[in-house]
Amino acid sequence: MQNRTGNEIRELFLRFFESKGHRRVHSSSLVPHNDPTLLFTNAGMNQFKDLFLGAERRDYSRATTSQKCVRAGGKHNDLENVGFTRRHHTFFEMLGNFSFGDYFKRDAIAFAWELVTSPEWMGIPKDRLYVTIFEGTADVPRDDEAEQFWIETGVPKERIFEYGAKDNFWQMGETGPCGPCSEIFYDMGLEAAETPGVDLPFGQDDARYVEIWNLVFMQFDRSAIVENGKTTGYKLTPLPKPSIDTGMGLERVAAVLQGKLSNFETDLFTPLIERAEELTGKRVSDSELEKETRSADDNAASLRIIADHARAATFLISDGVLPSNEGRGYVLRKIMRRAIRHGRLLGQEKPFLNQMVFAVRDLMQGAYPELNDSADRVAKVVLAEEQQFDRVLKIGLTRLNDELKGDFTGDKAFHLYETFGLPLDFMTDAARDAGVVFDNEGFERARSEEQARARASWKGGSQKTASPVFRDLPRTAFEGYRSLTSTDCAVLALVKDGVGVPAAAAGDSVDIVLDHTSFYGDSGGQVGDTGVFTSTDGNVIVAEITGCVLPVQGVRAHKAILKQPLALGDRVNTVVNGERRDAIRRNHTGTHLLHAALRQVLGTHVKQAGSLVDPTRLRFDFSHFAQVGPEDLQEIENIVNREVLSNARVETLEDVPIDVAVNEYHAMALFGEKYGDKVRVVKLSDGFSTELCGGTHTAATGEIGLLKLTGESSVSSGVRRVEAISGLGSLDTFRRDAQLAHFASSLAPIQENDPAAGLRARFEAQEDELKRLRRELEEMRMKSAAGALDEVLSKAVDVKGVKLLRHRADQLDRGQLRTLVDNLKQKAGEAVIVLASAQPEGKVAIIAGVTPGLIQRIQAGKLVGAVAKLVGGSGGGKPDLAEAGGKDQSQIPAALEAAPQLLANLLA
């Protein structure tokens, strides 16, 4: 067994399967494409999910990948174990080979055994390997096939073990592709045993016997049995084209080939741990790194956590995830704050995690060259989070001290843990020091409930396979780039209420699939076309088309309301609404110009995060940390319209190899799109913008007419949105603006041809006048209230030897009421004062004041709370001054009348 580096192992795996006719496919993003069932990409098969479901076709049937994965939230969550075990990670790489209806069990098993054991490849000793198969259930027979194929490859029968569905049967969801799986395990040796020195057989020591490869045999389609509208069970139907999905953890096999007990001892982690040691000033030995421990003060565990979490944070942010308080951003924030906290446990109070980003880049840029471009941006995001977390921690410590003075429940502790990142052991120690029993049971219950909520929020239901009606159809030839009409189109499918039908009547709403069409289908943010189908002679309208979608990649389904009967095999002409298509084209080309202008003004960190292109407007979401100011928006608008006025040619290049498009044309990929080996490139203004795009565009930028930005807003943390209009839409806006300017000029004189300046000057003058009048009114109210002080003093009452002053002073704000209390204190000597005031919107303000000599007998906070209850409110404050609010102005007289009795009850 040859010692190999992590990078060599990755390349070895991919090269092996290329030699077996597989296409090497680059890792997809950690943010799953169009899959609401997943929080993060967590397996190699995720990017091929639509292929397995039959909803997508590609020009290869064998693939191999090294897929970056994250398991740190939702159903798949390893976060709490990371650092304390040898093999748990948040970020990891999954090596895989896939067959889409090509080879099956025999070849998959033969390939796996050859790669793992052949001296030419990995050369792992066969006597340290074990294999598992599916033992079978009442519904699915034992996987005798897999056992036979393993024996044929040379695996002794006594090294083949069978397990149940929990371990050896895989399914994509409640319904869909599924099948048995077979795993290869490696014996790490007695030194890796869970109990040191205890030699247990295979299957009884998970620490010693490590799964290194899982082979999934997708051979069934699991479908629901529905009776009376309810699911009563499930049935398994053999798939016509069984498939293969395998996964080998790079980190685990690296530990095997490098002779290490712990993944963290491999060269995939040691450079990161060394950098973490430099940044924190704490060093540990190799023997400490291999240990499994749950000790809170274990330096090695903290270094492992920092190394692992730095990888996860770097790749997640590079793929567009930003820290926030929800969804993916929330999980990223938890990962980063956990790493920061462990840095603090090692004594590093200053920001350090941002520097780990460059260590990750240096280690992994060979396999992931995109890190070269993103590292600086990622480091800035991490630094900002470190600085924010420092502020949050300080607030959290204050909150913890406050909570320890009251009822410190497990729910409250978990809130501090989740919101402020306060460590559990830290809170436990603080509670013990304060003489408070820590509610560990309540804490764990709150944590379990939160984990359940996280799983539910990302469960998303299972993704159903594409309807066979669509799945088995050939691709629809799209002719809409060059023409708005297609003639003599054959009807290949009619779908009514989700079911294929041979014919449909006039008035029916159906989906129609043709062999060729001029209709663009919803994709890439661009809405589908509308229009009509006509008879082949063009004289009769056969159907009104309200939209066009792609239920299966390459197959276009026209949303139709039939005007005439239609049957399979009939032929029609397609006619797209040209005016609507033109408006869409203008907005789509405008989106490309806008994207380029945003990057030019704000920086190259700007990346598309979503878009919508319809006839009335365009909407563009992009990554950016702050609100885009008016000056920047104006500059962006100016840049776009300069390109529009240049009337430069819009060039489209068809069937460009994707590596040529990206590396030679430097084309940008758009959010939410999948790309094959051949792509379509759209170039604007001689390289001003070059993007991969399948949408419809103008022939020249001048056809846009003019692009007008109409709004800028926040979508989520780190994602901004701009909206715009073009063509006739912008003309309508300018007309409305001109009418508004004309009206404004009638209200105020125009200053230097700027109606807005004249109107602004007039409003500012009016605002100044209003402020002056408000000040005068407030001064008059204060004078009136101050003039009544003598009357208030004359009505003082004695309550158990304490002078009580009561007064109602409506329409004074709280600041004025406090001033009035101070004035009364000065005039009255030793006294208790209660003021009530009717406020706008039916509210009540109550203020109580106590002079210093009486604080020992009565506190203002208790008195104001008692009075406030009578007006439907509550409040409190300091012993000498307290405030309250209320909702019932009708009870103000009764509250003031009751004040003497309330005071008497409270006097010490």
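Note that the structure is a prediction, hence the values are computed from the model and not measured.

Reading the values: the criteria
- Residues numbered from 1 in each chain as written.
- Predicted model: local features only at pLDDT ≥ 70, side-chain atom pairs only at ≥ 80, totals over all residues.
- Heavy atoms only, no water.
- Helix = DSSP H or I, 4+ residues; strand = E, 2+ residues; numbered from the N terminus.
- Buried < 20%, exposed > 50% of the residue type's maximum accessible area, 1.4 Å probe, protein only.
- Areas by Shrake-Rupley, 256 points an atom, 1.4 Å probe, with all protein chains shown as cover.
- Pairing = 2+ DSSP bridges.
- Axes fitted to C-alpha atoms, helices over the stretch in contact; angles between N-to-C directions.
- Contact = heavy atoms within 4.5 Å.
- Phe/Tyr/Trp six-rings, centres within 6.5 Å; stacked < 30°, edge-to-face > 60°.
- Salt bridge = Lys/Arg side-chain N within 4 Å of Asp/Glu carboxyl O.
- Parallel < 35°, antiparallel > 145°, perpendicular 65-115°, else oblique.
- Left-handed = near helix turned anticlockwise from the far one by under 90°.
- Nonpolar A, V, L, I, M, F, W, Y, C, P; charged D, E, K, R; others polar.
- Polar contact = N/O pair within 3.5 Å; in protein donor to acceptor, adjacent residues only side chain to side chain.
- Expected span 1.5 Å × (residues − 1).
- Bend = angle between axes of the 7 residues up to and from the residue.
- Core = buried A, V, L, I, M, F, W, Y, C linked by side-chain atoms within 4.5 Å.
- Disulfide = S-S within 2.5 Å.

Q: Tell me what's going on with the overall build of the chain, and back it up with residues and numbers.
A: A count of helical and extended segments in the chain gives 25 helices and 35 strands. With the C-alpha coordinates aligned to their principal axes, the bounding extent of the chain is approximately 110 × 85 × 60 Å. Evaluated residue by residue, the chain yields a buried proportion of 50% over its 908 residues. With the model as given, the accessible surface of the chain reaches about 41300 Å², and the carbon-plus-sulfur share is 49%.

Q: Go over the sheet that holds strand S23 (residues 608-613), please, and point to the residues and values.
A: Pairing is antiparallel across the open sheet formed by four strands, whose spatial order is S23-S24-S29-S28. For this open sheet the edge positions go to S23 and strand S28 (707-716), each flanked by a neighbour on one side alone. Pairwise comparison of adjacent strand axes, ignoring direction, gives a mean angle of 15° for this sheet. Summarising the sheet, S23 and strand S24 (residues 618-623) pair through five bridges and their orientation is antiparallel. Of the residues in S24, the one forming a bridge with Leu612 is Arg619. Sheet strands in contact with helix H17 (residues 578-602) are S23, S24, S28 and strand S29 (719-726), and its direction is about 25° off that of S24. Lying on the sheet, helix H18 (residues 630-646) is in contact with S28 and S29; it crosses S28 at an angle near 135°.

Q: Talk me through the pairing of strand S5 (residues 91-99); I want residue IDs and the actual numbers.
A: Side-chain positions along a regular strand alternate between the two faces of the sheet. The element S5 is largely enclosed, with a buried count of nine among its nine residues. Every second residue of S5 is oriented toward a common face, with Phe91, Glu93, Leu95, Asn97 and Ser99 on one face and Phe92, Met94, Gly96 and Phe98 on the other, all of them buried. With nine bridges joining them, strand S2 (residues 62-70) and S5 adopt antiparallel strand pairing. When the bridges of S5 are listed, Arg62 appears paired with Ser99. Sheet analysis places S5 next to strand S11 (residues 230-249), joined by four bridges and oriented antiparallel. Looking at the pairing, Ser99 lines up with Ile244 of S11.

Q: Could you give an account of the environment of Ser28, with specific residues and numbers?
A: Counting through the fold element by element, Ser28 comes out in the loop between strand S1 (23-24) and helix H2 (49-53). As for Ser28 and Lys68, which are separated by 40 residues in sequence, their C-alpha atoms are 7.5 Å apart. Setting aside residues no more than four positions away along its own chain, Ser28 makes contact with Thr41, Gln47, Gln67 and Lys68.

Q: If you had to explain the packing of aromatic side chains to someone new, which residues and values would you point to?
A: Counted according to the given criterion, the structure contains 30 aromatic pairs. Relative to Phe17, the ring of Phe16 lies with its centre 4.9 Å away and its plane at 90°, an arrangement referred to as edge-to-face. Measuring from centroid to centroid gives 4.8 Å for Phe264 and Phe269, while their planes differ by 50°, and the two rings are tilted. Note on Phe264: relative accessible area 0%, which makes it buried. Residue class for Phe269 comes out buried when judged on its relative accessible area of 0%.

Q: Can you lay out the pattern of salt bridges for me, pointing to particular residues and giving the numbers?
A: Between side chains of opposite charge, pairing is possible as soon as their charged atoms come close. According to the stated counting rule, one finds 47 salt bridges in the structure shown. In this structure, Glu883 and Arg814 form a salt bridge, with 3.2 Å as the shortest nitrogen-oxygen distance. A residue pair is termed long-range when its members are at least 10 positions apart, and Glu883 in strand S35 (residues 881-886) and Arg814 in helix H23 (residues 814-828) qualify at 69 residues. Arg814 sits in the partly exposed class, given a relative accessible area of 29%. Salt bridges sharing common partners tie together Arg142, Asp144, Glu147, Lys157 and Glu162.

Q: Outline the packing of H17 against H18, listing residues and values.
A: Closest axis-to-axis distance for the H17/H18 pair is 9 Å, and the angle between their directions is 135°. Judged by the angle between their axes, H17 and H18 are oblique. Note that H17 runs across H18; the crossing there is right-handed. Only Asp632, Glu635, Ile636, Ile639, Val640, Glu643 and Val644 of H18 make contact with H17, whose side of the interface consists of Leu593, Leu594, Ala597, Leu598, Gln600, Val601 and Leu602. Here the contact of H17 with H18 is built from residues that sort into ten nonpolar, one polar and three charged.

Q: Tell me about the sheet that holds strand S31 (residues 802-808), and name the residues and values.
A: The strands making up a sheet associate through hydrogen bonds between their backbones, and the pairing can be parallel or antiparallel. Ordered by their spatial adjacency, six strands build an open sheet running S30-S31-S32-S33-S35-S34, and the pairing between neighbours is mixed. The sheet terminates laterally at strand S30 (797-799) and strand S34 (874-877), the two strands that pair on one side only. Looking at each pair of strands side by side, their axes are set apart by 20° on average, direction ignored. Its contacts with the sheet put H23 on S31, strand S32 (832-838), strand S33 (844-850) and S35, and the angle it makes with S33 is roughly 30°. Relative to the sheet, helix H25 (residues 892-906) contacts S30, S31, S32 and S33, its axis offset from that of S31 by approximately 170°.

Q: Which residues make up the side chain of Arg10, and what values go with them?
A: One can find Arg10 in helix H1 (residues 6-18). Using a relative accessible area of 7% as the deciding quantity, one classes Arg10 as buried. At 2.8 Å, the side chain of Arg10 forms a polar contact with the side chain of Asn7. The contact partners of Arg10, leaving out residues within four places of it in the chain, are Ser66, Glu93, Leu95, Leu250, Met364 and Ala367.

Q: So what about the packing of helix H9 (residues 299-318) against helix H10 (residues 327-345)? Which residues, and what values?
A: Two elements in contact, H9 and H10, have axes separated by 9 Å at closest approach and are oriented at 150°. Classified by the angle between their axes, H9 and H10 sit roughly antiparallel to one another. Between H9 and H10 lies a crossing whose hand is left-handed. Each of Ser302, Ile305, Ile306, His309, Ala312, Ala313, Leu316 and Ile317 in H9 lies in contact with H10, whose residues at this interface are Leu332, Ile335, Met336, Arg338, Ala339, His342, Gly343 and Leu345. Among the residues making up the contact of H9 with H10, the classes are represented as eleven nonpolar, four polar and one charged.

Q: Help me get a handle on the pairing of strand S16 (residues 509-514), residues and values and all.
A: Here S16 lies mainly inside the structure; five of its six residues are buried. When strand S13 (residues 485-496) meets S16, the two strands line up antiparallel, connected through four bridges. Bridge assignment links Val491 to a residue of S16, and that residue is Leu514. Of the strand pairs in this sheet, S16 and strand S20 (residues 555-562) are connected by five bridges, and their pairing is antiparallel. Residue Asp511 lies in a different strand from S20, and its bridge partner there is Lys559.

Q: A description of helix H12 (residues 370-403) should follow, citing residues and the corresponding values.
A: Given a rise of 1.5 Å per residue, 34 residues ought to cover 50 Å, and the 46 Å separating the end C-alpha atoms of H12 matches this to within 8%. When the local axis directions of H12 are compared, the greatest deviation, roughly 40°, occurs at Asp376.

Q: With reference to specific residues and values, describe the nonpolar core.
A: Met122, Ile124, Trp150, Ile184, Trp213, Leu353 and Met427 are the most contacted members of the largest nonpolar core, which totals 110 residues. With near-sequence residues (within four places) excluded, Leu353 lies in contact with Ile306, Ala310, Met336, Ala339, Ile340, Val382 and Glu386. Judged by nonpolar contacts, the second largest core, of 29 residues, contains Val802, Val834, Val864 and Val867.

Q: Please set out the state of the cysteines residue by residue, giving values where relevant.
A: One pass over the structure, following the stated rule, counts zero disulfides. For the unlinked cysteine Cys489, the closest cysteine sulfur is that of Cys548, found at 12 Å. For Cys548, a relative accessible area of 2% translates into the label buried.

Q: Help me get a handle on the environment of Gln889, residues and values and all.
A: Within the secondary structure, Gln889 is located in the loop between S35 and H25. A relative accessible area of 26% means that Gln889 is categorised as partly exposed. In the structure, Gln889 is positioned 682 residues away from Ala207 in sequence and 71 Å away in space, judged by C-alpha atoms. Ignoring any residue separated from it by four or fewer positions in sequence, one finds Gln889 in contact with Ala838, Gln839, Gly842, Lys843 and Val844. A polar atom in the side chain of Gln889 sits 2.8 Å from the backbone oxygen of Gln839.

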